[in-house]
Amino acid sequence: MDDATVLLRSRERPEEFAVLFDRHAPFIHRYLARRLGDQHADDLVAETFLTAFRRRDRFKPDHRDARPWLYGIATNLVAQHRRDEVRELRLHRAVTPETSAGCHAEQVATDVTAAALRETLTAALAGLADGDRDVFLLIVQEELTYEQVAAALEIPVGTVRSRLHRARGQLRAALGGSNPLHLVDKEAHHG
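Observations concerning the overall build of the chain
Logical step 1: Scanning the chain from N- to C-terminus turns up 10 helices and 0 strands.
Logical step 2: Reading the chain from its N terminus to its C terminus gives the helix and strand order α-α-α-α-α-α-α-α-α-α.
Logical step 3: In the chain, which comprises 191 residues, the proportion classed as buried is 35%.
Logical step 4: Of all intrachain contacts in the chain linking residues separated by at least 6 positions in sequence, the fraction that spans at least 24 positions is 60%.
Logical step 5: Taken as a whole, the chain presents about 11,500 Å² of accessible surface, with 53% of it coming from carbon and sulfur.

Some details on the pattern of salt bridges
Logical step 1: Here the structure, examined in full by the defined rule, presents 9 salt bridges.
Logical step 2: Between aspartate 3 and arginine 23 there is a salt bridge, with its nearest N and O atoms 2.5 Å apart. In this pair, aspartate 3 sits in helix H1 (residues 3-12) while arginine 23 sits in helix H2 (residues 18-36), placing the two residues 20 residues apart along the sequence.
Logical step 3: With its nearest N and O atoms 2.9 Å apart, the salt bridge here joins aspartate 134 to arginine 35. One end of the pair, aspartate 134, is in helix H7 (residues 130-140); the other, arginine 35, is in helix H2, with 99 residues separating them in the sequence.
Logical step 4: Given the relative accessible area of 11%, aspartate 134 is considered buried.
Logical step 5: Through salt bridges with shared partners, a single ionic network connects Arg9, Arg13 and Glu16.

Description of the nonpolar core
The nonpolar side chains of soluble globular proteins are, as a tendency, buried together.
Logical step 1: By size, the foremost hydrophobic cluster in this structure holds 46 residues, and its most contacted members are Ile28, Leu32, Trp69, Val135, Phe136 and Val149.
Logical step 2: At the level of elements, H1, H2, helix H3 (38-54), helix H4 (67-95), helix H6 (117-126), H7, helix H8 (146-153) and helix H9 (157-174) are the ones that each hand at least two residues to this core.

Quick look at H9
Logical step 1: In this model H9 runs 26 Å from its N-terminal to its C-terminal C-alpha over 18 residues, within 8% of the 26 Å that 1.5 Å per residue would give.
Logical step 2: Taken together, the buried positions of H9 are occupied by Val160, Leu164, Ala167 and Leu171. Buried residues along H9 cover an arc of 65° about the axis, so they all sit on one side. Within H9, the exposed residues directed more than 90 degrees away from the buried face are His165 and Ala173.

Conventions used here
Residues numbered from 1 in each chain as written. Predicted model: local features only at pLDDT ≥ 70, side-chain atom pairs only at ≥ 80, totals over all residues. Heavy atoms only, no water. Helix = DSSP H or I, 4+ residues; strand = E, 2+ residues; numbered from the N terminus. Buried < 20%, exposed > 50% of the residue type's maximum accessible area, 1.4 Å probe, protein only. Contact = heavy atoms within 4.5 Å. Areas by Shrake-Rupley, 256 points an atom, 1.4 Å probe, with all protein chains shown as cover. Salt bridge = Lys/Arg side-chain N within 4 Å of Asp/Glu carboxyl O. Core = buried A, V, L, I, M, F, W, Y, C linked by side-chain atoms within 4.5 Å. Expected span 1.5 Å × (residues − 1). Arc of directions from axis to C-beta.

Here it is as structure tokens:
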């Protein structure tokens, strides 16, 4: 039974929705853990499927696979989580006194010694625009097709292509001319 059928049946029998959770939760959890760490992934997986359950009547039945739709919901939750973190950081900075010179020196030393590939790649990814980063990660880490990413993010395939091209170029520049896809592959095999 494909996902569209499960979603359709779950409108009459809500317990049927559990099939989608069992089928796709591991993929969504992996994606969220890569984006935010294991600590936040569990909560956001639950929130992703709760949102999907509430919106199951909006799923387009001509899409047989619900995973791109679920990735879209998860990506929106990641964006909301990041906005919340920025707000908390701004609040923390507003009420916390400036750090001493000793703490700053320690931070600089830590930053210099933390120049391994993972940190470099993470920083380069953080420098991307949100939409570009979302497209890049869905294609590279989650191995979605351009069409699946377009469905997940509700954007045209051409936009997926242009965002991926832009992300690759910016990552290549940030990584000193190295191809970001090769670095991701090496990191996946060695990290």
